[in-house]
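For reference, the chains in residue letters:
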Amino acid sequence: MKLDVLNQPNDKLWYTDGLDFTCTQCGNCCTGGPGFVWISEVEIQRLAEHLQLSVEQVLKKYCRRVSGRISLKERFNQGNYDCVFLKEIPATRYDERAGRQVQYTKRICEIYNVRPLQCRTWPFWKENLQSPAEWKHATRNCPGSNRPGRHFSVKQIHDLRDAPDWPENPPSSET
Ligand code: SF4
Ligand code: SF4
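Everything numeric in this text was worked out from a predicted model, so none of it was measured. (Residues numbered from 1 in each chain as written. Chains lettered and ligands numbered in written order. Predicted model: local features only at pLDDT ≥ 70, side-chain atom pairs only at ≥ 80, totals over all residues. Heavy atoms only, no water.)

Segments scoring low in pLDDT should not have their predicted coordinates read at a detailed level. Of all residues in the protein, 91% have pLDDT values of 70 or greater, and the mean over the chain is 91. Predicted confidence for residues 5-11 stays below pLDDT 50, and this span has 15 contacts to residues more than four positions away or in other chains. (pLDDT = per-residue confidence, 0-100. Contact = heavy atoms within 4.5 Å.)

Have a look at this one:
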């Protein structure tokens, strides 16, 4: 998976009209090449409460230490590195072209209600907002970006970009 948050210098404001984004819940951002899903101490505590485990158990089972920080573990899955909490389940949906219900594999986050800040604020990360080229590159596998959807003003984008803790109405929420 590719979810590495980096500290970058101030962005150039190329999105003065805001940006549209509506998550399709495809799960692409939870897999891919190797990467990191950083999780804070308070988020580990919330995760432990959610899973009804101790903090030590959560750290051992689901986390790894990387350069003094803690990231969720990954699972190698058919050439990709899945977040340890990405789950594949069989599902059906209506296919307009076929004119019938079709089966497909749905990918869900097993800890959606307590997912880390990094997951909650995607795609409005500092490094993604640096330029149109960075945005295009970062969101190339994210069908929720670059199409009409929920509109985010510059202020909303910056509130998410700089959020110190879970925002009230994150972009990946379904509301
Ligand atoms: S915690 Fe959930 S939303 Fe975040 S990367 Fe893992 S599966 Fe995806
Ligand atoms: S944020 Fe983008 S890539 Fe991730 S699940 Fe939503 S639409 Fe898919």
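Not every one of the 13 residues close to ligand 2 is listed here, only the nearest: Cys-23, Cys-26, Gly-27, Cys-29 and Cys-142. Taken together, the residues of the shell around ligand 2 break down into seven nonpolar, six polar and no charged. (Near = heavy atom within 4 Å. Nonpolar A, V, L, I, M, F, W, Y, C, P; charged D, E, K, R; others polar.)

Another point: the packing of aromatic side chains. Scanning the model with the defined rule gives nine aromatic pairs in all. Here Phe-21 and Phe-124 contribute two aromatic rings whose centre-to-centre distance is 6.1 Å and whose plane-to-plane angle is 80°, an arrangement assigned as edge-to-face. Of this pair, Phe-21 sits in the loop between β1 (19-20) and α1 (41-51) while Phe-124 sits in the loop between α3 (117-121) and α4 (132-138), and the two are 103 residues apart along the sequence. For the pair Phe-21 and Phe-124, a shared accessibility class is recorded, and that class is buried. On the basis of an interplanar angle of 20° and a centroid distance of 5.8 Å, the ring pair of Phe-124 and Trp-135 is categorised as stacked. Highlighted residues: Phe-124 in the loop between α3 and α4 and Trp-135 in helix α4, separated in sequence by 11 residues. (Phe/Tyr/Trp six-rings, centres within 6.5 Å; stacked < 30°, edge-to-face > 60°. Helix = DSSP H or I, 4+ residues; strand = E, 2+ residues; numbered from the N terminus. Buried < 20%, exposed > 50% of the residue type's maximum accessible area, 1.4 Å probe, protein only.)

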